[in-house]
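A look at the structure
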Amino acid sequence: MKLLIVVAAALAAQGQGGPRPEDTEVWAPEPPVVTPGAYVSTPPPSDAVVLFDGRDLSHWVSVKDGGAARWTVAGGVLTVAKGTGNIQTRERFGSYQLHVEWRIPAGIKGEGQARGNSGIFLASTGDGDNGYELQILDSYRNRTYVNGQAGSIYKQIAPLANPMRRPGEWQSYDILWTAPLFGADGKVTRPASATVMFNNVVVQDHAILKGATQYIGQPSYKPHGPAQIKLQDHGDPSAPISFRNIWIRKLP
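Residues numbered from 1 in each chain as written. Predicted model: local features only at pLDDT ≥ 70, side-chain atom pairs only at ≥ 80, totals over all residues. Heavy atoms only, no water.

1. What about the side chain of Gln135?
Residue placement: Gln135 occurs in strand β8 (residues 131-136). Of the polar contacts made by the side chain of Gln135, one reaches the backbone oxygen of Gly148; its length is 3.0 Å. Other than its neighbours up to four places away in sequence, Gln135 contacts Gln113, Asn117, Ser118, Gly148, Gln149, Ala150, Gly151, Ser152, Tyr154 and Tyr173. (Helix = DSSP H or I, 4+ residues; strand = E, 2+ residues; numbered from the N terminus. Polar contact = N/O pair within 3.5 Å; in protein donor to acceptor, adjacent residues only side chain to side chain. Contact = heavy atoms within 4.5 Å.)

So this is what it looks like as structure tokens:
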């Protein structure tokens, strides 16, 4: 339903001569493909808050209603339950170090943005898909706009490389997030920035964000404080993706 609503809004905008989703798609140059080293799961350090340890979703809630998160937990793995909506952390965070492991299912179908689409909103700024999104997608031999492939700050900053493993294999993000700061007048005094290691390959190097993610139009800032981290239940028709071993270290 969410995808249909977005498509309808995009079509309406085009019919009225307004901005279109394509206006903020960048297709070239394509990041170089890099073969990552052997996969090694990274256990949490002693001072980390473990957000998902393979057992339950006690650290997460539904974005729709604030109730229990309704995604599936089985075999130590968290899988998106499509149609149940996004989930987000109970706790709010400022700047942090975040580790997330994720997997596109083997045999994934579809192409472009309709192939294992999800995202990590590094700071949620409201309901739905409001926030600063680090894209998750199957980018293994799957062409799309470069600021929408895995490792991109969605619709803002393309990744420096494409170190994607094939579907069915685990991927990892290690993220350093510097939260934005705002003055008493609401103006930005320090923009948000992110450094991202994708399968131990740097794909974002202290990338300065222009604001929160926008599917249509340009990113912009609205004042906020510490925020929840959100995982996306995307509306594309491909099989749901999975997560495991999610932990965070709060930074000053």
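There is more to say after this.
2. Observations concerning the nonpolar core
Generally speaking, soluble globular proteins have nonpolar side chains that are buried together. In this structure, Leu98, Trp102, Ile120, Tyr173, Trp177 and Phe243 are the most contacted members of the largest nonpolar core, which totals 47 residues. Per-element accounting of this core gives the leading share, four residues, to strand β6 (residues 96-103). When residues no more than four places from it in sequence are discounted, the contact partners of Phe243 are Phe52, Trp71, Val77, Leu78, Val80, Val100, Glu101, Trp102, Ser118, Ile136, Trp170 and Leu231. (Core = buried A, V, L, I, M, F, W, Y, C linked by side-chain atoms within 4.5 Å. Buried < 20%, exposed > 50% of the residue type's maximum accessible area, 1.4 Å probe, protein only.)

3. Some details on the sheet that holds strand β5 (residues 87-89)
Taken in spatial order, the five strands make up an open sheet running β2-β5-β14-β7-β8, and their pairing is antiparallel. This sheet does not close on itself; its edge strands, each paired only once, are β2 (60-62) and β8. Here two bridges tie β5 to strand β14 (residues 230-231), and the two strands are oriented antiparallel to one another. Across the sheet, Gln88 pairs through a bridge with Lys230, a residue of β14. (Pairing = 2+ DSSP bridges.)

4. Considering the pairing of β8
Burial analysis of β8 places six of its six residues in the buried class, the great majority of the element. With five bridges connecting them, strand β7 (residues 118-124) and β8 associate as antiparallel partners. For Ser118, the partnering residue across the bridge sits in β8 and is Ile136. Hairpin connection of β7 to β8: six residues between the antiparallel strands, including Gly128 at a positive phi of 60°.

5. Focus on the pattern of salt bridges
Under the definition given, this model contains ten salt bridges. In this structure, Asp65 engages Arg70 in a salt bridge whose closest nitrogen and oxygen atoms are separated by 3.4 Å. The salt bridge partner of Arg244 is Glu101, with a shortest N-O separation of 2.9 Å. Of this pair, Arg244 sits in strand β15 (residues 242-250) while Glu101 sits in strand β6, placing them 143 residues apart in sequence. The class of Arg244 is partly exposed, set by a relative accessible area of 23%. According to the relative accessible area criterion, Glu101 is buried, its value standing at 0%. (Salt bridge = Lys/Arg side-chain N within 4 Å of Asp/Glu carboxyl O.)

6. Details of unusual backbone geometry
Omega for the peptide link from Ala28 to Pro29 comes to -5°, which places this bond in the cis form. Along the polypeptide, Pro29 turns up in the loop between α1 (2-15) and β1 (49-52).

7. Regarding the environment of Ile136
Relative to the elements of secondary structure, Ile136 occurs in strand β8. Of the residues examined, Ile136 reaches a relative accessible area of 0% and is grouped as buried. It is 19 Å that separates the C-alpha atoms of Ile136 and Ala192, two residues lying 56 residues apart in sequence. Beyond its immediate chain neighbours, meaning those up to four positions away, Ile136 contacts Trp102, Gly116, Asn117, Ser118, Gly119, Ile120, Tyr173, Ile241 and Phe243.

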